[in-house]
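An overview of the molecular structure
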Amino acid sequence: MTVEAGRATRIQGDPSHPVTQGFLCTKVNRYLERTYHADRVLTPLRRVGPKGPGARFEPTSWDEALEAIASRLNAIIASPDGPQSILPYSYAGTMGLLQGESMDRRFFHRIGASLLDRTICATAGMMGMRMTLGASIGTDIETVPESDLVILWGTNTLTSNPHLWPFVLQARERGAPVICIDPIKTRTAEQCDEWIGIRPGTDAALALGLMHVLFAEGLQDDDYLRQYTLGADALRERVQEYPPSRVAEITGIPAERIVTLAQQYGRARAAFIRINYGLQRHAGGAMAVRTISCLPAVTGHWRRAGGGVQLSSSANFAFNKTALQRPDLIPAGTRTINMSLLGEALTAPDAGVGGPPVRALVVYNSNPAAIAPDHLTVTRGMAREDLFTVVLEHFRTDTCDYADWILPATTQLEHDDLHWSYGHLYATLNIPPAIAPLGEALPNTEIFRRLAARMGLTDPCLQDDDARLITQALETNDPRMRSITLDALREQGWVRLELPTPYLPFAQGGFHTPSGKCEFYSERMAAMGLDPLPTYTPPYESPERDPALAARFPIALISSPAHQFMNSTFVNVGSLQRAAREPEVSLHPRDAERRGITEGMRVTVENDRGHFEATARLREGIREGVAWAPGIWWAKSSPDGRNVNATTSQRLTDMGAGPVFYDNLVEIRVAG
Ligand SMILES: Nc1nc2c(c(=O)[nH]1)N[C@H]1C(S)=C(S)[C@@H](COP(=O)(O)OP(=O)(O)OC[C@H]3O[C@@H](n4cnc5c(=O)[nH]c(N)nc54)[C@H](O)[C@@H]3O)O[C@H]1N2
Ligand SMILES: Nc1nc2c(c(=O)[nH]1)N[C@H]1C(S)=C(S)[C@@H](COP(=O)(O)OP(=O)(O)OC[C@H]3O[C@@H](n4cnc5c(=O)[nH]c(N)nc54)[C@H](O)[C@@H]3O)O[C@H]1N2
Ligand SMILES: [Mo]
């Protein structure tokens, strides 16, 4: 960061960082444009006039805002509905440990607010991993150059995880083919040696088919299976049900290619599979992740550098979250509300889970009016006159249109933080901040400290400052965290976890499951009433499960990340918005032709839940029957005031209770 006279003038990555190597993604390159944006919220704002699109606000003082919010929350706590009628709502605006999950949690725990189950992104995949490998731990991406086959499976790496790409290129330079499995020929698939255009939501079937061939052709590693896995015989029997011909029918991939892909995989010594969260946003999302994660144990690729599978590295980090979040403050019997069911929580009299209705919503690090599924139900709930809403934000997002109060929050340049990662193995410290807070903005931690004091809460832990929070996060006996000390972090900014190099997590078993083995057969899943073995679960919205629906809405809509945006963040940054053009929906030319749609036409994308307008883009590089609406536009920056989540549902995944954003059938027609 270059700062001149208190103003940040240039942003750069750290060239010495072993993973990022100084490279910043498209969005963060524009972080200064975003930080100094003329639309930043720089004072507390109070709504004047009605809630909803076009809501008007007037500036006010912190004193007035805090007093009003504190007295309203105290009144709700004292009312018959009690503290559980207050719901915090936060997710990925910042994933910093301080500004994302420290003082905020203490505050809500202490007042006895409803707990929020933070499922919106990753819980299905996390459960798939947990049931199979025991935790969200996988291949160290720094070993990927050693890999002899790279499969990018349900991941648009160049967009959503560009820091992996240089490692993939090194593997390719040494001869590893790079294959992309995705219903869409993404910009990543364009750069790969091969694109396999799978039917959405059918990845588990493909993995079962691959295992069928692996066993049939004797390509399994019997020694690894015997020593380090549980249920290999049962798995072997299960995959008998998935011969290539059947898998071809389910996945839309030719049977010969399924056979040759299995042979390629089985003959490789250290194949690397990168899965991302895209393929778990379907009915059987957890099972899909679980089933794919069985592959490297069948072939024993975990033994060698570069081999294995990675969804996330997050469980390698063992910061002291108990100290940070103080779950001991939670009153016994406090209910939990699933953030993916926000629409239901705000519109059902008992918040969908029993207990009082939600009377107050406190949103920070999130833009639920744009990003939560079934957006029209969400905004109908947020529009309730009796709902008291406070939003901590940088900008007047869709969510702010429903706020009673907006509080100005600092950005990453303006506050302290400590970060983990879900791709690599380095912790990062962000102190001191590069610049002073702009205007009257305050860090989330400070806002919750002040609110607690104003509400008369005297617990000392609600006044711990950021330096103390950092110290508390680092107090742990976990051996992996030994290298992560404040001094080391201060010196370099980032430090690798204390793990061997190369780090081969499961070369000799050591899985984090109850049995210590890779669990093809899961006792825990049997206890949950689920199929204990890998299996294929068709999408909710598919001809298999709902033929009548599929006849009316024949197109599977995927709304994965846009290259220029970070979820709904950066949507209002001019240069990025220009590059993303406008809300678009890509479809196959044959699907377009059948509907009289031509390139650039305004179309309506609809189903029974709702509709939104977008500009049609025709591309050969997409499966027929699939459409792609890159996300996540602010509804208010869309021509008809709606975004893709007008069509997505509040159904949940098989495990982890996550959303099924891409399990979404629609029809597309010429607008008007
Ligand atoms: N630029 C950018 N980067 C981001 C984000 C962003 O919004 N913008 N978001 C960040 C966040 S919060 C997350 S969680 C991560 C990961 O976010 P992900 O949602 O995993 O994003 P992608 O890597 O784009 O992976 C989605 C890919 O999976 C494909 N896909 C969808 N359904 C299926 C399926 O059934 N099977 C298969 N095989 N593929 C399928 C989509 O076509 C898409 O190319 O990205 C992070 N990085
Ligand atoms: N249709 C569809 N919907 C999706 C997805 C999809 O692929 N398709 N992806 C889903 C996924 S993976 C995720 S993770 C969620 C993400 O959903 P969210 O977690 O809501 O993420 P954003 O939309 O980026 O909104 C974050 C907000 O936090 C604000 N913010 C950033 N830093 C700070 C801070 O320090 N303090 C405060 N107070 N605010 C801050 C930003 O200005 C921004 O408005 O969306 C989900 N929704
Ligand atoms: Mo996410």
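Residues numbered from 1 in each chain as written. Chains lettered and ligands numbered in written order. Predicted model: local features only at pLDDT ≥ 70, side-chain atom pairs only at ≥ 80, totals over all residues. Heavy atoms only, no water.

1. As for the site of ligand 1
As a matter of local geometry, ligand 1 sits amid 33 residues, with Ser 160, Asp 182, Gly 201, Phe 565 and Asn 567 nearest to it. One of the backbone nitrogen or oxygen atoms of Thr 159 is found 3.1 Å away from a nitrogen atom of ligand 1. The separation between an oxygen atom of ligand 1 and a polar side-chain atom of Tyr 662 is 3.4 Å. Each of domain 3 (125-314 + 505-527) and domain 4 (547-670) gives at least three residues to the shell around ligand 1. (Near = heavy atom within 4 Å. Polar contact = N/O pair within 3.5 Å; in protein donor to acceptor, adjacent residues only side chain to side chain. Domains from an automatic or database assignment.)

2. Examining the sheet that holds strand β7 (residues 149-153)
The parallel open sheet is built from five strands, whose spatial order is β9-β8-β7-β11-β12. Strands with a single pairing partner mark the edges of an open sheet, and in this sheet they are β9 (194-196) and β12 (308-310). Direction aside, neighbouring strands of the sheet carry axes that sit 20° apart on average. The sheet contact formed by strand β11 (residues 271-275) and β12 spans three bridges and is parallel. Opposite Phe 272, over in β12, you have Gly 308 as the bridge partner. (Pairing = 2+ DSSP bridges. Helix = DSSP H or I, 4+ residues; strand = E, 2+ residues; numbered from the N terminus. Axes fitted to C-alpha atoms, helices over the stretch in contact; angles between N-to-C directions.)

3. Here we look at the pattern of salt bridges
For the structure shown, the criterion picks out 47 salt bridges. Residue Arg 238 is joined to Asp 531 by a salt bridge in which the shortest nitrogen-to-oxygen separation is 3.0 Å. Highlighted residues: Arg 238 in helix α11 (residues 232-239) and Asp 531 in the loop between α23 (523-527) and α24 (547-552), separated in sequence by 293 residues. The class of Asp 531 is partly exposed, set by a relative accessible area of 26%. Across the pair Glu 446 and Arg 450 runs a salt bridge whose closest N-O atoms are separated by 2.8 Å. Within this pair, Glu 446 and its partner Arg 450 are both found in helix α20 (residues 444-454), separated by four residues, close to a single helical turn. Residues joined by salt bridges that share partners form a network here, namely Arg 590, Asp 591, Arg 594, Arg 595, Glu 624 and Glu 667. (Salt bridge = Lys/Arg side-chain N within 4 Å of Asp/Glu carboxyl O. Buried < 20%, exposed > 50% of the residue type's maximum accessible area, 1.4 Å probe, protein only.)

4. Some thoughts on the side chain of Thr 202
Relative to the helices and strands, Thr 202 resides in the loop between β9 and α9 (203-216). Each residue touching Thr 202, except ones within four places of it in the same chain, is listed here: Ile 250, Thr 251 and Tyr 536. (Contact = heavy atoms within 4.5 Å.)

5. Some thoughts on the nonpolar core
Residues Phe 107, Trp 153, Ile 275, Leu 295, Phe 319 and Leu 418 are the most contacted members of the largest nonpolar core, which totals 111 residues. Per-element accounting of this core gives the leading share, 10 residues, to α9. The residue makeup of this core includes at least three contributed by each of domain 2 (37-118 + 323-419 + 426-495) and domain 3 (125-314 + 505-527). Setting aside its immediate chain neighbours within four residues, Leu 295 contacts Trp 153, Ala 207, Leu 210, Met 211, Leu 214, Tyr 265 and Ile 273. (Core = buried A, V, L, I, M, F, W, Y, C linked by side-chain atoms within 4.5 Å.)

6. Quick notes on the site of ligand 2
Among the 30 residues in the neighbourhood of ligand 2, the closest are listed as Ser 366, Glu 393, Ser 568, Thr 569 and Tyr 662. Between ligand 2 and the protein, one listed contact pairs an oxygen atom with a side-chain N or O atom of Arg 34 at 2.7 Å. At a separation of 2.7 Å, an oxygen atom of ligand 2 approaches a polar side-chain atom of Ser 366. Within the complex, the protein chains bury 96% of what would otherwise be the 930 Å² of accessible surface of ligand 2. Here the shell around ligand 2 is composed, by residue class, of 12 nonpolar, 15 polar and three charged. There are two domains that each give the shell around ligand 2 at least three residues, and those are domain 2 (37-118 + 323-419 + 426-495) and domain 4 (547-670). (Areas by Shrake-Rupley, 256 points an atom, 1.4 Å probe, with all protein chains shown as cover. Nonpolar A, V, L, I, M, F, W, Y, C, P; charged D, E, K, R; others polar.)

7. Side note on α9
Here α9 contains 14 residues, and its C-alpha end-to-end distance of 20 Å stays within 8% of the 20 Å for a straight helix at 1.5 Å per residue. Across the 14 residues that make up α9, a large majority, 13, are buried. The positive-phi residue at the C-terminal boundary of α9 is Gly 218, with phi of around 65°. (Expected span 1.5 Å × (residues − 1).)

8. Comments concerning the state of the cysteines
The term disulfide refers to a covalent linkage connecting the sulfur atoms of a pair of cysteines. By the definition in use, this model includes zero disulfides. No disulfide involves Cys 518; its sulfur sits 5.3 Å from that of Cys 294, the nearest cysteine. A residue is classified by how much of its surface remains accessible, and Cys 518, at 0% relative accessible area, is buried. (Disulfide = S-S within 2.5 Å.)

9. A closer look at helix α13 (residues 255-267)
Between its terminal C-alpha atoms α13 stretches 18 Å, which fits the 18 Å expected from 13 residues at 1.5 Å a residue. Taken as a whole, α13 has its buried residues at Arg 257, Ile 258, Leu 261, Ala 262, Gln 263, Tyr 265 and Gly 266.

10. Re the domain arrangement of the chain
Examined at the domain level, the chain breaks down into domain 1 (1-36), domain 2 (37-118 + 323-419 + 426-495), domain 3 (125-314 + 505-527) and domain 4 (547-670). On a C-alpha basis, the centroid separation for the pair domain 2 and domain 4 is 30 Å. On the side of domain 4, 23 residues touch domain 2, which itself brings 21 residues to the contact. In this assembly, domain 2 packs against domain 4 so that about 1800 Å² is buried in total across both faces, 51% of it on carbon and sulfur atoms. Linking domain 2 with domain 4 are one salt bridge, by the criterion used here. Counting the contacts that link domain 2 with domain 4 gives 16 residue pairs in polar contact (both at pLDDT 80 or more). (Buried area = accessible area lost by both parts, 1.4 Å probe.)

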